[in-house]
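# Remarks on the overall topology
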Amino acid sequence: MKLPARVTLVEVGPRDGLQNEPSPIPTDIKIDFIKRLAGAGLATIEATSFVSPKKIPQLADHTEVIRGLNLPASIQLPALVPNVKGFNNAVDAGVKHIAVFASVSETFSQRNIHCSIEESFVRFTEVIALAKQHHIPVRGYLSCVFGCPYEGKIADDVIVDAAKRLLDLGCTEISLGDTIGVATPKQVREVIAALLTKIPAEKLAGHFHDTYGQAIANIVAALELGLSTFDSSAAGLGGCPYAAGASGNVATEDVVYLMQGLGIETGVDLEKLIAAGHFICQHAKTPNRSKVAAAMGKK
């Protein structure tokens, strides 16, 4: 099966990764980390989230991070926003790209963002309408696509309907979240095949966690079905706080190594990326979960 010549990597470590660390990372270290990621060739880096500091104190410095970056306009720095207040704060800080977060599991939606799926779509409708007025692109995240810690497997038609609904509202792309890392290649093929009956591959992205060590295999399965955008986190930072034992996002270093082996261009310098991962792990005092970083022995 023909694979894409190039893939887009969406680096989520500064947001999805650091929000799960037990203690906040100093703002200047976050800014340095993001600049190192950009210097490694990553052109889309999810910088932060404009949520309540009471809910995620690790990202309470969202405005300072955005204003302190001063990166070239070619580097996209999307921020996650949960509601209109978050959107307005993001725009005031200078954010040019945003993301919204929905779930295909009713229970997970209630536990994670404290509202029903339907209530979350009411919020997103308002946010996306405002984003259109400001000419700000919106990316949509769907969590629990391949399994929920409370409800188990989610029906394909529920997933397809939610993804299409986000696109119809105006999202430019839907990131399919394997939130607790339970997916296998067979399931990935089945779910994505169902989605492709209604949605073109270029509108879909893969967001895989490596809880069961299946993330790289799942990415290959998604590649074979035409997906060419994948979320990943430097050093494998992150995880799902609502699933016991759930390890982090797939490591960006491991994804870049995979793509190099497949002859697929990423635009990323692997050695600089590994250095950026070690940098943030040292400051966060957390282990580097990238297998490639460990194998290459870079310090």
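About the thresholds
Residues numbered from 1 in each chain as written. Predicted model: local features only at pLDDT ≥ 70, side-chain atom pairs only at ≥ 80, totals over all residues. Heavy atoms only, no water. Helix = DSSP H or I, 4+ residues; strand = E, 2+ residues; numbered from the N terminus. Rg over C-alpha atoms; globule rule 2.2 N^0.38 Å. Buried < 20%, exposed > 50% of the residue type's maximum accessible area, 1.4 Å probe, protein only. Contact = heavy atoms within 4.5 Å. Areas by Shrake-Rupley, 256 points an atom, 1.4 Å probe, with all protein chains shown as cover. Lys, Arg positive; Asp, Glu negative; His and termini not counted. Charge placed at Lys NZ, Arg CZ, Asp CG, Glu CD. Pairing = 2+ DSSP bridges. Axes fitted to C-alpha atoms, helices over the stretch in contact; angles between N-to-C directions. Parallel < 35°, antiparallel > 145°, perpendicular 65-115°, else oblique. Salt bridge = Lys/Arg side-chain N within 4 Å of Asp/Glu carboxyl O.

So, on to the overall build of the protein. Secondary structure summary: the protein contains 12 helices and 9 strands in total. Here the protein has a C-alpha radius of gyration of 18 Å; the compact-globule value for 299 residues is 19 Å, and the two agree. When the backbone C-alpha atoms are referred to their principal axes, the protein occupies close to 45 × 45 × 35 Å. Counting every position in the protein, which comprises 299 residues, the buried fraction comes to 55%. Sequence separation of at least 24 residues holds for 75% of the intrachain contacts in the protein that already meet a minimum separation of 6. Surface summary for the protein: the accessible area is close to 12,400 Å², and the carbon and sulfur share equals 53%. Counting 28 positive and 30 negative side-chain charges, the protein places the averaged centre of each group 3 Å from the other.

Before going further, it helps to spend a moment on the sheet that holds strand 1 (residues 8–11). Strands sit in the order 2-1-9-8-7-6-5-4-3 across an open sheet of 9 strands; the sheet is parallel. This sheet does not close on itself; its edge strands, each paired only once, are strand 2 (44–45) and strand 3 (48–49). Pairing of strand 5 (residues 98–103) with strand 6 (residues 138–143) involves 6 bridges; the strand directions are parallel. The residue bridging phenylalanine 101 from the neighbouring strand is tyrosine 141, located in strand 6. Helix 5 (residues 106–113) rests against strand 5 and strand 6 of the sheet, and its axis sits at about 130 degrees to strand 5. Helix 6 (residues 117–133) rests against strand 5 and strand 6 of the sheet, and its axis sits at about 165 degrees to strand 5.

To continue, consider the packing of helix 4 (residues 84–93) against helix 6. Helix-helix packing is described using two parameters, namely the angle between the two axes and the distance between the axes. For the pair helix 4 and helix 6, interaxial distance at closest approach is 9 Å and the crossing angle is 25 degrees. Comparing the axis directions of helix 4 and helix 6 gives the class roughly parallel. Where helix 4 abuts helix 6, its residues Val84, Phe87 and Asn88 lie against Glu126, Val127, Leu130 and Ala131.

Within the secondary structure layout, cysteine 115 lies in the loop between helix 5 and helix 6. The exposure class assigned to cysteine 115 is buried, which follows from its relative accessible area of 1%. Those residues in contact with cysteine 115 that sit more than four places away from it in its chain are Ser109, Gln110, Ser120 and Arg123.

Turning our attention to the pattern of salt bridges. What the rule picks out here adds up to 12 salt bridges. The shortest N-O distance in the salt bridge between arginine 165 and glutamate 118 comes to 2.7 Å. You can see arginine 165 sitting in helix 7 (residues 156–169) and its partner glutamate 118 sitting in helix 6, a full 47 residues away along the chain. On the basis of relative accessible area, arginine 165 is assigned to the partly exposed category, the value being 34%. We classify glutamate 118 as partly exposed; its relative accessible area is 45%.

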